[in-house]
Amino acid sequence: MSVTDKSSGNIPGSINLATIRKKLAGTRGREYWKGLEQVAETPEFDEFLHAEFPRLAAMWDRKIDRRTLLKLMGGSVAFAAAGLAGCSRPIGVIVPYVNMPEGEIPGKPMYFATSLTLGGHARGVIAESYTGRPTFVEGNQEHPASLGAIDSYAQASVEQLYDPDRAQVATYRTIPGTWSAFIEQMGFQAAKMKASGGDGFAILTQSITSPSLLAEIRQVQKRFPKARWYRYQPVGREGVDAGAKLAFGERVNTVYHFDKADVIVSLDADFLGLMPGHLAYARQFADGRRQKPGKPIKMNRLYVIAGTPTITGASADHVLPVPSAKIDAVARSLAARLGIGAAGGTTEAQAHWLDAVVEDLKKHYGRAVVVPGDVQPPAVHALAHAINARLGAVGGTVTYTEPLEPDGAGSLKDLTDAIDHNEINRLLVLGGNPVYDAPADLDFAGHYARVEERIYWSHYPNETAYMSYWHVPAAHELESWGDALAYDGTVSLTQPLIAPLYHGHSAYEVLRVVSGANADTDYDVVRGYWRQHYRRYASNGEAFDAFWKRSVQRGLIDNSALPAKTPHLRDDLASRLPQPLFRQRRGLYLQFRPDDSIFDGRFANSAWLQELPRRLTKITWDNVVMLSPRTAERLGIDNKELVVLGYHGREVTGPAWIMPGQPDNAVTVQLGYGRKRAGRLGTGVGFDVYPLRRADAMWFDDGLTLMKTGKRVFLATTQYHQTMEGRGLLRTATLDHFRDHPHWVDEGYPGKPPKLHESLYPEPAEKPPLEYRWAMNIDLSTCIGCEACVIACQAENNIQSVGKEEVLAGHEMHWLRIDRYYSGNMEDPETYFQPVPCMQCENAPCEYVCPVEASVHAEGLNAQVYNRCIGTRDCSQNCPYKVRRFNWFRYQTGRPTSTPVAAENPDVSVRQRGIMEKCTYCIQRINEAKIAADKTDRRIPDGMVETACQRACPTQAISFGDLNTSHSKINQVKDSPLDYEMLAEINTRPRTSYLGGLTNPNPALAKKDKNA
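Source: prediction; values computed, not measured.

Trainee: How would you summarise the overall build of the chain if you had to cite specific residues and measurements?
Mentor: Looking only at helices and strands, the chain features 33 helices and 38 strands. Here the chain holds 1012 residues, and 59% of them are scored as buried. For the chain, long-range pairs separated by at least 24 residues make up 73% of all intrachain contacts whose partners lie at least 6 apart in sequence. When the accessible surface of the chain is totalled, it reaches about 42,600 Å², and 52% of it is carbon and sulfur.

Below you can see the structure in the form of structure tokens.
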């Protein structure tokens, strides 16, 4: 029975942690010990005690009476006093830090350009390192796939690097072994394979774009001609490749240019959230919606045909909710209106919607683009290619290159078929977790168990590792050398910042050992590959060493993006299109999507990502069964009710979540949960939907049934924590309304309070002018709600994760939250996001009520003196913006959710239990810039200080700077007629303000004007 279940109080004799805390906090004398006696035998109390009192936790492993405990506690005080009198030296010999590495200064960070991959595609990052210890990553401004921004997956890589649950030693049949023993055994096996040409040997990988690793695989195939290579990724792009072949007769890589598009149509494509290149795409899209000073008032327009709500749909001007299975028919109807093929079946409302969209596309010939989603079948992709060609988009808003991944790899089904025919007796699995995430109908676990020799390389001792003979721990990307291609083909280099912490090894090393080749290091392999191929990218006469040094320093190879090509669209494409899908619907539609935070399950053991509120539902530590309000009403299903999903004879159970904007009769579930071997954090979180997945219906299918259970569960969602609705917090209007009423943002809302009469209420004595006046502005037109700012703030400021139970109690610690708002009807709502950090009020209500003056003003900022705070929480009660967080427990120690100490930023103090903490505008970064400026006797130049949230934002929705610097960007933004302050009427004079959100609806489809 879980703690969550017991917290309901319906189980006789059960007691939850809230009760324990109440007893500990609210009793005295004998009642204190009596309270402990009542709960000391419960497993929850043991977990609580280890987390809250780690120094005393060991005592509770033994039976001990009250007198002995008091004696030990008194002794500990005496020992502590003795320790203050004189410190003893540690036993053994210590070595002083005499020969310091060149260029390293203790306490001063160093920065390295590297790259991190997701789905095989690289994003360029800059990694911060303190004395050889990586602590933070942010986007590389010179890398085309990141442009200085970063996503939550890359940001959490630092936490994953130090995760103690990572595999720490090579094992054989789960028994600890050694790397040397692995090399020895693989040497014998390689000699046998050499004699047979590798007959029966196979390699299974994920998607790979690394040129050097692909070269290594080709070398293995050359050494063993009969060896086979298979590829599988649970979040794959098979439909993308098949659609290109259908349209052009060849595979191509499609690159979009949203900065050149005035009209965008998404066919179930979440190009702002998860598609390769989403960071660059988000920047391009936002640039087309941003209102620039002195520039014409204009915006691009986004239409989204959505199978399920996403942040791309939330950013759209118009959304047409359609089950993913029916988007094929809608795409055919869209193409038919442009003279391509025959129309598909659509409703009258859909036909009206498509008519308006087509008219808009035609008006913007050459400046329009249609984007198909990765989850859609080949026909939709082929139709999108044909539509873009008809709209004159090719060469402008769309370009094509050679594919990023080569042909030559079989599918996972090909592998299981080969095992069925006894053709595979030795299998090397390089990454992934196919035992957990393979389609259920392939029964990969059963097939894998039949392979005689099973070798697995991964970061964690997960489900596949448990079934493998040899499991080799993988080196993290921050611990190893490598390369990969970005979404546009740019070669990105990976360099290690630290030696492998847990005896990990690279894929290069494992491949070479298994194949019996020379055991070169990953550095030798990567550098050796580019020594042979660098001339096509090097400057005239440039030596390799100079080329290599320059490329590693920049984290990429200059001018390596793949050149554009123009594939020929097939003339008979319309006749080649397969028959439309799902003419007859059976039951409900089942739709799979990767999770916003843990993706396909690979990040399940990350506390940062598990506790990051999901972008639209704001749920943490769980996945849900999403269904529309009408579908839930028709089936009689309540929110958070457990339902049984039945599909092709299999069943899973999960909580229902009524989702505004979800298409009727379509049920969406998230991948990556229900792990059985994911580490202390990820194991058992949520429910596993992979058992419902089939190889012939990877993303959606019909035939789903839902059965009520009548049971409800607790879901930790943050949307209704610190609520402030109903006071004009978020302000939006249409672009046309802004043209007609430039100052609409102040119309109809409470304004700033009038200035009091000077004779009756004189102003206080003039204060000396501040050297700096820091301020922030957030553009609601370009914020897409991606949550990158939230996790960047967490990583930069050592904010602790607290766990599901604490989130349920409203105790989450994020200093920055993103509120999500709906407007309109539940079936097709308009969605808005509003980031809310500390407002840094000049008239801060929190300062007047603090009894110890822990909340103070420093250089114009509202600062919190941590070592002065006594935790009265008066400031939190008096804060109208609800942006202060109370450190209820010792989250930073003794809990599996706590951030590893090595990952903490040494420039930011780690807060202890019982104090208030809040956003500081990253004051450590301000101070660093001040020190640098003081050395040259000058002011901090505009743009030198970037807060963590500002730097992470892919759309540059956050502006920050000094109001005392003339012509600074923040002054230009603050001068915009769209600028407004939240709750300005209460005269807090916040330094953080907002630009009112604008939308650009099509007048033919526009709903009634609203100025929410």
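That shown, we press on.
Trainee: Describe the packing of aromatic side chains, and please don't skip the residues or the numbers.
Mentor: This structure, assessed with the given rule, holds 32 aromatic pairs. Ring plane angle 40° and centroid distance 5.4 Å describe the contact between Tyr-534 and Phe-547, whose orientation is recorded as tilted. Of this pair, Tyr-534 sits in the loop between α21 (522-533) and α22 (544-554) while Phe-547 sits in helix α22, and the two are 13 residues apart along the sequence. With respect to burial, Tyr-534 and Phe-547 carry one shared label: buried. Their ring planes at 75° and their centres at 6.2 Å tell us that Phe-889 and Tyr-891 sit as a pair that is edge-to-face.

Trainee: Tell me about the pattern of salt bridges, and please be specific about residues and values.
Mentor: Per the stated rule, a full pass over the model turns up 46 salt bridges. Taking the shortest distance from any N to any O, the salt bridge between Arg-251 and Asp-241 comes out at 3.6 Å. Here Asp-241 lies in helix α10 (residues 238-248) and Arg-251 lies in the loop between α10 and β8 (253-256), a separation of ten residues in the sequence. With relative accessibility at 10%, the residue Arg-251 sits in the buried group. Residue classification places Asp-241 among the partly exposed residues on the basis of a relative accessible area of 26%. Taken together, the shared-partner salt bridges in this structure form one network comprising Glu-138, Glu-796, Arg-925, Glu-946 and Arg-951.

Trainee: Outline the pairing of strand β10 (residues 301-306), listing residues and values.
Mentor: Most of β10 sits inside the fold, with six of its six residues counted as buried. Across the two faces of β10 the burial is the same, with Arg-301, Tyr-303 and Ile-305 and Leu-302, Val-304 and Ala-306 all buried. With helix α11 (residues 278-287) bridging strand β9 (residues 263-267) and its parallel neighbour β10, the resulting β-α-β unit is right-handed. Relative to strand β11 (residues 318-321), β10 runs parallel, the two sharing four bridges. Across the sheet, the residue bridging to Ile-305 is Leu-320, located in β11.

Trainee: Now, about the packing of helix α13 (residues 327-337) against helix α15 (residues 378-390): what can you tell me, with residues and values included?
Mentor: In a pair of packed helices, the angle between the axes and the distance between the axes together describe the arrangement. Between α13 and α15, the least distance of the axes is 10 Å, while the angle of their chain directions is 20°. The pairing of α13 with α15 is recorded here as roughly parallel in orientation. At the point where α13 passes α15, the crossing takes the left-handed sense. Of α15, the residues touching α13 (which contributes Asp-328, Ala-331, Arg-332, Leu-334 and Ala-335) are Ala-379, Val-380, Leu-383 and Ile-387. For the contact of α13 with α15, the class distribution of residues is seven nonpolar, no polar and two charged.

Trainee: Outline the sheet that holds strand β1 (residues 110-118), listing residues and values.
Mentor: Taken together, three strands build an open sheet; the order of strands is β1-β2-β3 and the sheet is antiparallel. Of all strands in the sheet, those with a lone pairing partner are β1 and β3 (133-139), marking the two edges. The average undirected angle you get between the axes of adjacent strands in this sheet is 40°. With six bridges connecting them, strand β2 (residues 121-130) and β3 associate as antiparallel partners. In the strand pairing of β3, Glu-128 is matched with Phe-136.

Trainee: Describe the environment of Arg-173, listing the residues and the values that go with them.
Mentor: The topology assignment puts Arg-173 in the loop between β4 (171-172) and β5 (175-176). A relative accessible area of 43% means that Arg-173 is categorised as partly exposed. Counting along the chain gives 281 residues from Arg-173 to Arg-454, while the straight-line C-alpha distance between them is 9.7 Å. Once residues lying within four places of it in the same chain are set aside, the contact partners of Arg-173 are Ser-468 and Tyr-469.

Trainee: Pulling in residues and values, what's your account of unusual backbone geometry?
Mentor: In this model, Asp-268 sits at a positive phi of 65°, which is unusual for a non-glycine residue. Inspection of the secondary structure assignment puts Asp-268 in the loop between β9 and α11. Owing to a relative accessible area of 11%, Asp-268 belongs among the buried residues under this scheme.

Trainee: Just give me the short version of the side chain of Ser-129, but keep the residues and values in it.
Mentor: Topologically, Ser-129 is positioned in strand β2. Of note is the side chain of Ser-129, whose polar atom sits 3.4 Å from the backbone nitrogen of Gly-132. The residues contacting Ser-129, other than those within four sequence positions of it, are Pro-109, Met-110, Phe-112, Pro-134 and Leu-497.

Trainee: So, the state of the cysteines: which residues are in play, and what are the values?
Mentor: Disulfides are covalent bonds that connect the sulfur atoms of two cysteines. For the structure on display, the rule yields zero disulfides. Cysteine Cys-841 remains unbridged, with the sulfur of Cys-838 as its closest cysteine sulfur at 6.3 Å. In this structure Cys-841 comes out as buried when scored by relative accessible area, which is 6%. Looking at the unpaired Cys-869, the closest cysteine sulfur is the one in Cys-875, lying at 6.3 Å.

Trainee: Tell me about the sheet that holds strand β19 (residues 588-593), and name the residues and values.
Mentor: Read around the closed barrel, six strands run β19-β24-β21-β23-β22-β25, paired in mixed fashion. Ignoring strand direction, the axes of neighbouring strands in this sheet form an average angle of 45°. Bridge count between strand β21 (residues 625-627) and strand β23 (residues 650-658): three bridges; the pairing is parallel. The partner of Met-626 across the bridge, within β23, is Trp-657.

Conventions used here
- Residues numbered from 1 in each chain as written.
- Predicted model: local features only at pLDDT ≥ 70, side-chain atom pairs only at ≥ 80, totals over all residues.
- Heavy atoms only, no water.
- Helix = DSSP H or I, 4+ residues; strand = E, 2+ residues; numbered from the N terminus.
- Buried < 20%, exposed > 50% of the residue type's maximum accessible area, 1.4 Å probe, protein only.
- Contact = heavy atoms within 4.5 Å.
- Areas by Shrake-Rupley, 256 points an atom, 1.4 Å probe, with all protein chains shown as cover.
- Phe/Tyr/Trp six-rings, centres within 6.5 Å; stacked < 30°, edge-to-face > 60°.
- Salt bridge = Lys/Arg side-chain N within 4 Å of Asp/Glu carboxyl O.
- Right-handed = clockwise from strand over helix to strand, strands pointing away.
- Pairing = 2+ DSSP bridges.
- Axes fitted to C-alpha atoms, helices over the stretch in contact; angles between N-to-C directions.
- Parallel < 35°, antiparallel > 145°, perpendicular 65-115°, else oblique.
- Left-handed = near helix turned anticlockwise from the far one by under 90°.
- Nonpolar A, V, L, I, M, F, W, Y, C, P; charged D, E, K, R; others polar.
- Polar contact = N/O pair within 3.5 Å; in protein donor to acceptor, adjacent residues only side chain to side chain.
- Disulfide = S-S within 2.5 Å.

The values are spatial; any link to function lies outside them.
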